[in-house]
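So the chains spell out like this:
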Amino acid sequence: MTDPDRADWLLFRERFIAPEGRVVDTGNQNCSHSEGQGYGMLLAVAHDDQPTFDLLLGWTRRNLTRRSDSLHAWRFLPGAAPGAPRSVAGVTDTNNATDGDLMIALALARAAIRWGRMEHLNAAVAIGRDVLRLLVRSIGTRTVLLPAAFGFDKPDGLVINPSYYVFPALDVLDELVPSPVWARLKSDGVKLLTEARFGRWNLPPDWLFISRTDFGLAPAPGWPPRFSYDAIRVPLHVAWSGVDIGGIGDSVLQFWSSHGPMVPAWVDLNTGETAHYGANAGQIAVAMLAARCCTGPTPLATGTMPSVRDARDYYAAALVLLARLASSETRIA
């Protein structure tokens with residue numbers, strides 16, 4: 001990592017990691033998520049910061065561990081009453097979030113390799129086994145990844161979050177927990193994200209519904225039909241892993257280039273309505289990463305990525321650092 005990358009990590013650590021090892025979502029009631037803990041752990045490994053990794057892992061285990069499996073409760077709100085009997089105070093919902101578990105597993109696997117800690121590898125394996133056991137479903141000819149263990153397997157179909165397909169983590173877990181299911185998850189995930197694109201700019205939605213009747217795809221009811229803060233991670237994961245998903249980077253760039261200097265934070269995939277406020281620094285960083293993966297020079301591809309200093313909150317800062325990490329690992333100049 002470069003000196004500016006290291007400086008950005010130190011600033012992220014100072015602004016968003018509490019002394020006890022909790023990554024604080026400053027844009028959302030100062031709560032914490034398994035996603036944020038996974039991001040923090042992964043970035044700590046990338047910057048060879050073992051003390052911070054250990055701090056984050058310790059807090060995660062003390063507060064987000066689920067009693068029934070190796071997955072993690074997805075949300076912690078300081079001062080809140082437990083959301084279930086025998087759960088930790090502050091854990092308002094013991095359901096997991098698949099993206100958080102995948103990020104934690106990826107961070108553990110990388111930590112095991114970097115620092116020679118086999119117990120981290122064993123923990124990653126345990127998460128991988130429970131992902132296969134609890135979070136995989138078949139619908140029609142597709143093998144898909146649920147967003148969580150409960151609440152998304154409906155009588156009339158499945159609700160999927162396209163941004164939860166963290167392809168770098170799926171690749172690692174395929175090595176650690178050998179199973180043909182991983183290859184199906186990845187290949188069917190690529191097909192799903194290629195087909196599940198909507199609106200004028202052919203973009204993925206934050207939340208997707210797959211019908212049991214005709215296996216059709218549509219933005220999921222109950223959520224705004226937007227390409228927004230969740231779905232921006234689809235081009236991040238695609239660029240990071242190098243999978244080929246039907247020119248999704250080009251679709252993102254066409255959306256961005258069709259607007260003036262203030263690129264909107266979201267677009268409604270049904271109506272074409274856009275946000276009246278601009279994208280955050282993290283979204284801009286992901287768009288720049290996507291631009292660097294496409295052919296031909298563009299202003300986005302040749303500019304300087306935002307820094308953590310440009311980010312107003314935790315999520316934007318995390319996306320900045322993840323986009324820069326992905327850029328370095330894919331050797332994108």
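Refer to the structure presented above.
Residues numbered from 1 in each chain as written. Predicted model: local features only at pLDDT ≥ 70, side-chain atom pairs only at ≥ 80, totals over all residues. Heavy atoms only, no water.

1. Remarks on the nonpolar core
- With 110 residues, the main nonpolar core has Phe12, Phe53, Leu108, Tyr165 and Phe227 as its most contacted residues.
- At 12 residues, helix 12 (residues 314-329) tops the list of elements feeding residues into this core.
- Those residues within four positions of Leu108 in sequence are excluded, and the remaining contacts are Met41, Phe53, Leu57, Arg61, His120, Leu121, Ala123, Ala124 and Ile127.
- One finds Trp59, Leu64, Ala73 and Val91 within the second-largest nonpolar core, a separate group that totals five residues. (Core = buried A, V, L, I, M, F, W, Y, C linked by side-chain atoms within 4.5 Å. Buried < 20%, exposed > 50% of the residue type's maximum accessible area, 1.4 Å probe, protein only. Helix = DSSP H or I, 4+ residues; strand = E, 2+ residues; numbered from the N terminus. Contact = heavy atoms within 4.5 Å.)

2. Brief notes about the layout of surface pockets
- By volume, the largest pocket amounts to about 890 Å³.
- For the lining of the largest pocket, the leading source of residues is helix 12, giving three residues.
- When its residues are assigned to classes, the lining of the largest pocket shows 15 nonpolar, eight polar and 11 charged.
- Approximately 270 Å³ is the volume found for the second largest pocket.
- Lining the second largest pocket are 16 residues; nearest its centre among them are Thr65, Arg66, Arg67, Ser87 and Thr94.
- Each residue belonging to the lining of the second largest pocket can be placed in one class, and the counts come to six nonpolar, six polar and four charged. (1 Å grid on protein atoms, 1.4 Å probe; cavity = no way out; pocket = protein on both sides within 12 Å on 5 of 7 lines; lining within 4 Å. Points joined across faces, edges and corners; volume = space filled by probe spheres on them. Nonpolar A, V, L, I, M, F, W, Y, C, P; charged D, E, K, R; others polar.)

3. Let's talk about the pattern of salt bridges
- Overall, the coordinates contain 17 salt bridges when judged by the stated rule.
- Among the salt bridges present, the one from Arg233 reaches Asp230, with a minimum N-O distance of 2.7 Å.
- Relative accessible area serves as the criterion here: at 1%, Arg233 is assigned to the buried category. (Salt bridge = Lys/Arg side-chain N within 4 Å of Asp/Glu carboxyl O.)

4. So, unusual backbone geometry
- Backbone geometry at Gln29 places phi at a positive 60°, although glycine is not the residue there.
- Checked against the element boundaries, Gln29 lands in the loop between helix 1 (3-16) and strand 1 (32-33).
- Take Gln29: its relative accessible area is 58%, and that puts it in the exposed class.
- The backbone phi angle of Asp48 is positive, close to 55°, even though this residue is not glycine.
- Among the structural elements, Asp48 can be located in the loop between helix 2 (34-46) and helix 3 (50-64).
- For Asp48, a relative accessible area of 44% gives the class partly exposed.

5. Observations concerning the sheet that holds strand 1
- Read from one edge to the other, the open sheet built from three strands follows the order 1-2-3, with strand pairing classed as antiparallel. Unpaired on one side and paired on the other, strand 1 and strand 3 (91-93) mark the two borders of the sheet.
- Inspection of the sheet shows strand 2 (residues 75-76) paired to strand 3 by two bridges, in the antiparallel sense. Bridge pairing links Arg75 to Asp93 in strand 3. (Pairing = 2+ DSSP bridges.)

6. Observations concerning helix 4 (residues 98-115)
- Here helix 4 is 18 residues long and its end C-alpha atoms lie 26 Å apart, about the 26 Å a rise of 1.5 Å per residue gives.
- Downstream of helix 4 by one or two residues, Gly116 has phi in the positive range, about 65°. (Expected span 1.5 Å × (residues − 1).)

7. With respect to helix 2
- With 13 residues, helix 2 ought to run about 18 Å at 1.5 Å a step, and its terminal C-alpha atoms sit 18 Å apart, in line with that.
- For helix 2, a buried count of 13 out of 13 residues is recorded, marking the element as mostly surrounded by other parts of the structure.
- Two residues or fewer after helix 2 comes Asp48, characterised by a positive phi angle close to 55°.

8. Side note on the packing of aromatic side chains
- Counted under the stated rule, the structure contains 12 aromatic pairs.
- The interplanar angle of 5° and the centroid separation of 5.6 Å between the aromatic rings of Phe152 and Trp207 together place this pair among those described as stacked. Linking Phe152 in the loop between strand 5 (142-145) and strand 6 (153-154) with Trp207 in the loop between helix 7 (180-195) and strand 8 (208-211), this pair joins segments that are 55 residues apart in sequence. Grouping residues by exposure puts Phe152 and Trp207 together as buried.
- Consider the rings of Trp201 and Phe255, whose centres lie 5.2 Å apart with planes at 65°: the pair is edge-to-face. Placement of Trp201 in the loop between helix 7 and strand 8 and of Phe255 in helix 9 (residues 248-257) is noted, with a sequence separation of 54 residues between them.
- By relative accessible area, which is 10% here, Trp201 ends up buried. (Phe/Tyr/Trp six-rings, centres within 6.5 Å; stacked < 30°, edge-to-face > 60°.)

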